[in-house]
Amino acid sequence: RLPNPFEPRGLLGRIKSVIRRGERRGGPSEAREAAGTVARFAGWRVDFGARRLVSPAGESVRLTPREFDLISAFIRHRGRVLSRELLLDLTSDHGADNFDRSVDVGVFRLRRKIEADPGEPAIITTVPGSGYAFVPEVEWS
């Protein structure tokens, strides 16, 4: 569904997104997540099977589906700069209306939960004019 009135740019973006999602279904990273893999970064632990984030203090941190999809995309593409459009493609399977700014809001909320100082992010950095990058090393188990 598109909100009315809609912009042609938004329609084109959604069409491309659907095509890309269809092409990448069942990739190796999705299979790894389905198997219950755990990723660790900067003291944090992400259990993909349980869709759970655990803080360095061992506390479970509640994430929305969008936030969990964002952290998953960042972890799977560690070190790469991810544009807003790509992040929308990687996280938009929930049927909600998605716009470039929804990525910014999702990253802002995720930073409030995982960054020591959300005003000076060290885990998810902003790359001006390009998007966002996930900086810490990731260990898989």
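Treat the numbers as computed from the prediction; the structure is a model and nothing was measured.

About the criteria used
- Residues numbered from 1 in each chain as written.
- Predicted model: local features only at pLDDT ≥ 70, side-chain atom pairs only at ≥ 80, totals over all residues.
- Heavy atoms only, no water.
- Helix = DSSP H or I, 4+ residues; strand = E, 2+ residues; numbered from the N terminus.
- Buried < 20%, exposed > 50% of the residue type's maximum accessible area, 1.4 Å probe, protein only.
- Contact = heavy atoms within 4.5 Å.
- Pairing = 2+ DSSP bridges.
- Axes fitted to C-alpha atoms, helices over the stretch in contact; angles between N-to-C directions.
- Polar contact = N/O pair within 3.5 Å; in protein donor to acceptor, adjacent residues only side chain to side chain.
- Phe/Tyr/Trp six-rings, centres within 6.5 Å; stacked < 30°, edge-to-face > 60°.
- pLDDT = per-residue confidence, 0-100.

**Describing the overall build of the protein**
Scanning the protein for helices and strands turns up five helices and eight strands. Secondary structure elements of the protein, listed N to C terminal, follow the sequence α-α-β-β-β-β-α-β-α-α-β-β-β. Going through the 141 residues of the protein one by one, you find that 38% of them count as buried. Taking as baseline every contact in the protein between residues at least 6 positions apart, the subset at least 24 positions apart corresponds to 52%.

**Digging into the sheet that holds strand 3 (residues 52-54)**
With respect to topology, five strands assemble into an open sheet ordered 4-3-2-1-8, the strand pairing being antiparallel. Looking at the sheet topology across the chains shown, the edges are occupied by strand 4 (60-61) and strand 8 (139-140). Contacts from helix 3 (residues 65-76) reach strand 1 (38-41), strand 2 (44-47), strand 3 and strand 8, with the element oriented near 105° to strand 2.

**A closer look at the side chain of Thr91**
Mapped onto the fold, Thr91 is located in helix 4 (residues 84-91). Its relative accessible area of 1% is what places Thr91 among the buried residues. A polar atom in the side chain of Thr91 sits 2.7 Å from the backbone oxygen of Leu87. Every residue in contact with Thr91, bar those within four places of it in the chain, is listed here: Arg66, Asp69 and Leu70.

**Considering the packing of aromatic side chains**
Summed over all chains, the structure comprises four aromatic pairs. For the ring pair Phe41 and Phe134, a centre distance of 5.0 Å and an interplane angle of 75° mean the geometry is edge-to-face. In this pair, Phe41 sits in strand 1 while Phe134 sits in strand 7 (residues 131-134), placing the two residues 93 residues apart along the sequence. Exposure class is identical for Phe41 and Phe134. Each is buried. A centroid spacing of 5.7 Å and a plane angle of 20° characterise the contact between Phe48 and Trp140, whose relative ring orientation is stacked. Here Phe48 is found in the loop between strand 2 and strand 3, whereas its partner Trp140 is found in strand 8, with 92 residues between them in sequence. Given the relative accessible area of 35%, Trp140 is considered partly exposed. Members of the aromatic cluster, joined through ring pairs, are Phe41, Phe74 and Phe134.

**A short note on the environment of Arg111**
Mapped onto the elements, Arg111 comes out in helix 5 (residues 100-114). On the basis of relative accessible area, Arg111 is assigned to the buried category, the value being 11%. Considering only alpha carbons, one finds Arg111 and Ile71, 40 residues apart in sequence, at a separation of 9.9 Å. Non-local contacts of Arg111, meaning those with residues more than four positions away in its chain, are made with Pro118, Pro121, Ile124, Thr125, Thr126 and Tyr132.

**Focus: the confidence of the model for the protein**
The predicted model of the protein has a mean per-residue pLDDT of 84, with 78% of residues at 70 or higher. Counted against residues more than four places away or in other chains, residues 25-29, with its pLDDT under 50, gives three contacts.

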